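Secondary and tertiary structure notes
Letter by letter, the chains look like this.
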Amino acid sequence: MADTAPTTALRSPLADAAQRLAAVTRSSRGALRLAELPFLAQVNVRLDAKSPAADAVGLALGLQLPLEPDTVVHAGEVTAVWLGPDEWLVVGRPGTERDLESRIRTAAGDEPLAATDVSAQRTTLLVGGPRARDLLAHGCALDLHPRAFGPGRCAQTTLARTQVVLVARDETRAGFWVLVRSSFAGYLVDWVLDAAVEYA
């Protein structure tokens, strides 16, 4: 029987920008750390936050789905990002999207639920380093001061007129995830690299 598995290697939306991101990271002398985190598993989850399914899904993922607006919960290699009162984005290691989706669906049982693999919809840009907030503030209207947008916070916002999900990682030094639609990723990276010139 013929092998029908795809033989083409996956190519991330920002593969062509990897060298430029690394060059800015080097030339900033530690002020910035820029890199793509390609192929992260991303599953969009919709369910009633007050239903038994919410607790069951959290238990299956090893965390509690965040109920406070604009917050993030992280446990092991799984992160749950609050997107709305009944909506979350569950993020995991590359290649785990099917497992995450299956665990979520199994845990919910017969309770109303929508779990959709959206991994191919976005890529993730890591913006870290002591000047990460300054860089992002050039193109984002949010107050990014740690008192207002510290570790464990998230927001659906615009960065350089591009819709993104911005996540402040658990540790301050870990920086930010900028989840951007794949079709806008190239434009956003061009903007980031241009804005980063003053730190290089």
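Residues numbered from 1 in each chain as written. Predicted model: local features only at pLDDT ≥ 70, side-chain atom pairs only at ≥ 80, totals over all residues. Heavy atoms only, no water.

Observations regarding helix 5 (residues 182–195)
The line we're drawing: Helix and strand labels come from DSSP, where a helix needs a run of H or I of at least four residues and a strand needs a run of E of at least two; each type is numbered from the N terminus. Each helix should span, by expectation, one fewer than its residue count multiplied by 1.5 Å. Accessible area is worked out with a 1.4 Å probe on protein chains only. A residue is then buried under 20% of its type maximum, exposed over 50%, and partly exposed in between.
Here helix 5 is 14 residues long and its end C-alpha atoms lie 20 Å apart, about the 20 Å a rise of 1.5 Å per residue gives. For helix 5, the complete set of buried residues consists of Ala185, Leu188, Val189, Trp191, Val192, Leu193 and Ala195.

A short note on the packing of helix 1 (residues 18–27) against helix 5
Put simply, the rule is: In this description, a line fitted to the C-alpha atoms serves as the axis of each element, helices being fitted only across the stretch in contact, and the angle between N-to-C directions of two axes falls anywhere from 0 to 180 degrees. An angle counts as roughly parallel when it lies under 35 degrees, as roughly antiparallel when it exceeds 145, as roughly perpendicular when it falls between 65 and 115, and as oblique in every other case. By the definition used in this description, the sense in which the near helix is turned from the far one sets the handedness, with an anticlockwise turn below a right angle giving left-handed and a clockwise turn giving right-handed. In what follows, residue pairs with any heavy atoms lying within 4.5 Å of each other are defined as contacts.
Contact geometry of helix 1 with helix 5 gives a least axis separation of 11 Å together with a crossing angle of 20°. In this view, helix 1 runs roughly parallel relative to helix 5, as classed from their interaxial angle. Handedness of the crossing formed by helix 1 with helix 5: left-handed. Residue-level contacts link Arg20, Leu21 and Val24 of helix 1 to Val189, Asp190 and Leu193 of helix 5.

Describing the nonpolar core
What counts here: For our purposes a nonpolar core is just a set of buried Ala, Val, Leu, Ile, Met, Phe, Trp, Tyr and Cys residues, chained together by side-chain atoms within 4.5 Å.
Counting residues in each nonpolar core, the largest one holds 32 residues, and the members touching the most others are Leu34, Val127, Leu135, Leu136, Leu159, Val178 and Leu188. Only helix 1, strand 7 (122–128), helix 4 (132–137), strand 8 (154–159), strand 9 (162–168), strand 10 (176–181) and helix 5 provide two or more residues apiece to this core. Broken down by element, this core gets its largest block of residues, 7 residues, from helix 5. Counting residues in each nonpolar core, the second largest holds 19 residues, with Val45, Ala53, Val57 and Leu63 among its members.

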